[in-house]
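# Structural characterization, general
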Amino acid sequence: MIYLGEIQKLQVGKLTDNGAYLFDSNIQTSNRVLLPKNQLPEGLKLHDMIEVFIYRDSEDRLIATTTHPLLTLGKVARLKVKELSNIGAFLDWGLSKDLLLPFKEQTFRPKVNDSVLVALYIDKSNRLCATMKVYNYLKTDSPYHKEERVHGMVYDVLATFGAFVAVDDQYSALIPNSELFRPIHAGEYVDARITKVQEDGKLNLSIREKAYAQMDQDAELILDALKKSPNGYLPYHDKSDPDEIRKVFQLSKNSFKRAIGRLLKEEKISLNDTGITIRNFK
């Protein structure tokens, strides 16, 4: 078989003025592909085996090339956006014909010269295309463990699950909704902490520190907000609505209460049923 989108070794079955016709292992079949003349290595002979990549040319014909592209079928790679059009974006993947990233396969709208993480697939018209929906193409055998720090790109955000992250551009990870205390967008890079390695190898992440380490940062955040508010007062307390706390401070209710407790212990604030006030406000 000759496989679209893959690098494979094929046999030279016929040499012509146009180039070499390559076959799989049976040169008696009609299953062949042209390696153009300008791609022929010096000294190539009939029946030689040659490693090529198979794609479609500008006229939608199967064609072989000795150039290895930056992306092959089922793999993930970061490619540069060369051009935008009314059907999607065209990506530079190292071949003469650019790779189409259709609108429906975009999780956000990239700009020219952006570097986007994509996978290669075959569409319904039997053409090679790119997709930013890389969930099913990412690996689940990362070398990382719980509590280690990782870096990755958010490639999609779904309200029912959270933010999907490609750690190191190759490993599957998720920041669950329970860990999202600020807006996160597809295309954003995050530094995160691994909270769990699931049985299937996928990673759960948090963009916050462990509770005891995060408490100081949360306390400073609240203190800064108080300093910027009129009279050093904010109408929030330990019985405030959790959604309101999340909206204003980007903190969970529990994190807010821990931070308030820290500030009370350090005698930096006063707390009553109507809100919190910074002490010695100037």
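Residue positions are counted from 1 within each chain, in the order its sequence is given. The predicted origin of the model limits local features to residues at a pLDDT of at least 70 and limits the giving and counting of side-chain atom pairs to 80 or more, whereas totals for whole chains, interfaces and linings rest on all residues. To obtain the side-chain values, all non-hydrogen atoms of the structure were used and water was disregarded.

## Details of the environment of Gly5
In plain terms, the rule: Where helices and strands are cited, they refer to DSSP runs of H or I of at least four residues and of E of at least two residues respectively, numbered from the N terminus. A contact between two residues is defined here by any heavy atoms of the two lying within 4.5 Å.
Positionally, Gly5 belongs in the segment before β1 (7-16). Linking Gly5 and Ile222, residues 217 residues apart in sequence, is a C-alpha distance of 54 Å. Aside from chain neighbours lying at most four places away, what touches Gly5 is Phe53, Ile54, Thr72, Leu73, Leu120 and Leu128.

## Concerning the pairing of strand β6 (residues 76-85)
What counts is decided by this rule: Two strands are counted as paired when DSSP detects at least two bridges linking them.
Sheet topology places β6 next to strand β9 (residues 115-122); five bridges connect them, and they run antiparallel. Bridge assignment links Leu79 to a residue of β9, and that residue is Val116. Pairing between β6 and strand β7 (residues 88-92): five bridges, direction antiparallel. What sits directly across from Lys80, in β7, is Asp92. Connecting the antiparallel pair β6 and β7 is a turn made up of two residues.

## What to know about the sheet that holds strand β18 (residues 276-278)
This is how it is decided: Simply put, an axis is a line fit to the C-alpha atoms, just over the touching stretch for a helix, and the angle between two N-to-C directions goes from 0 to 180 degrees.
Taken in spatial order, the three strands make up an open sheet running β16-β18-β17, and their pairing is antiparallel. Strands with a single pairing partner mark the edges of an open sheet, and in this sheet they are β16 (233-234) and β17 (269-271). In this structure, β17 lies alongside β18, joined through three bridges in antiparallel fashion. Note that in β18 the partner of Ile269 across the bridge is Ile278. Across the sheet, helix α3 (residues 253-265) lies against β17 and β18, angled at about 120° from β17, the strand it touches most.

## Considering the packing of aromatic side chains
Just so we agree on the cut-off: Classification of ring pairs rests on two measures: the distance between centres of Phe, Tyr or Trp rings, Trp counted by its six-membered ring, which must be within 6.5 Å, and the angle between planes, read as stacked under 30 degrees, edge-to-face over 60 and tilted in between. Partly exposed describes any residue whose relative accessible area lies between the buried limit of under 20% and the exposed limit of over 50%, with all areas from a 1.4 Å probe on protein chains only and scaled to the type maximum.
Enumeration according to the criterion identifies six aromatic pairs in this entry. Taken together, a centroid distance of 5.7 Å and an interplanar angle of 85° make the contact between Tyr135 and Phe164 edge-to-face. A residue pair is termed long-range when its members are at least 10 positions apart, and Tyr135 in the loop between β10 (128-131) and β11 (149-158) and Phe164 in strand β12 (residues 162-167) qualify at 29 residues. For Tyr135, a relative accessible area of 36% puts it in the partly exposed group. With a centroid separation of 6.2 Å and an interplanar angle of 40°, the aromatic rings of Tyr155 and Phe164 are classed as tilted. Its relative accessible area of 3% is what places Tyr155 among the buried residues. Among the aromatic residues, those joined into a cluster by ring pairs are Tyr135, Tyr155, Phe161 and Phe164.

## Notes on the environment of Phe164
In this structure Phe164 comes out as buried when scored by relative accessible area, which is 12%. Apart from residues no more than four positions distant in its own chain, Phe164 is found in contact with Tyr135, Met153, Val154, Tyr155, Asp156, Leu158, Ala173 and Leu174.

## Describing the pattern of salt bridges
Using the following cut-off: The rule for a salt bridge is simple: a side-chain nitrogen of Lys or Arg has to be within 4 Å of a carboxyl oxygen of Asp or Glu.
For the coordinates displayed, the defined rule picks out eleven salt bridges. Its salt-bridge partner being Arg61, residue Glu59 comes within 3.6 Å of it at the nearest N-O pair. Salt-bridge contacts for Asp60 lead to Arg127; the nearest nitrogen and oxygen are separated by 3.4 Å. Taken as a pair, Asp60 in the loop between β4 (49-56) and β5 (62-65) and Arg127 in the loop between β9 and β10 lie far apart in primary sequence, 67 residues in all. By relative accessible area, Arg127 is classed as partly exposed at 41%. Several salt bridges share partner residues, and in doing so they unite Asp57, Glu59 and Arg61 into one network.

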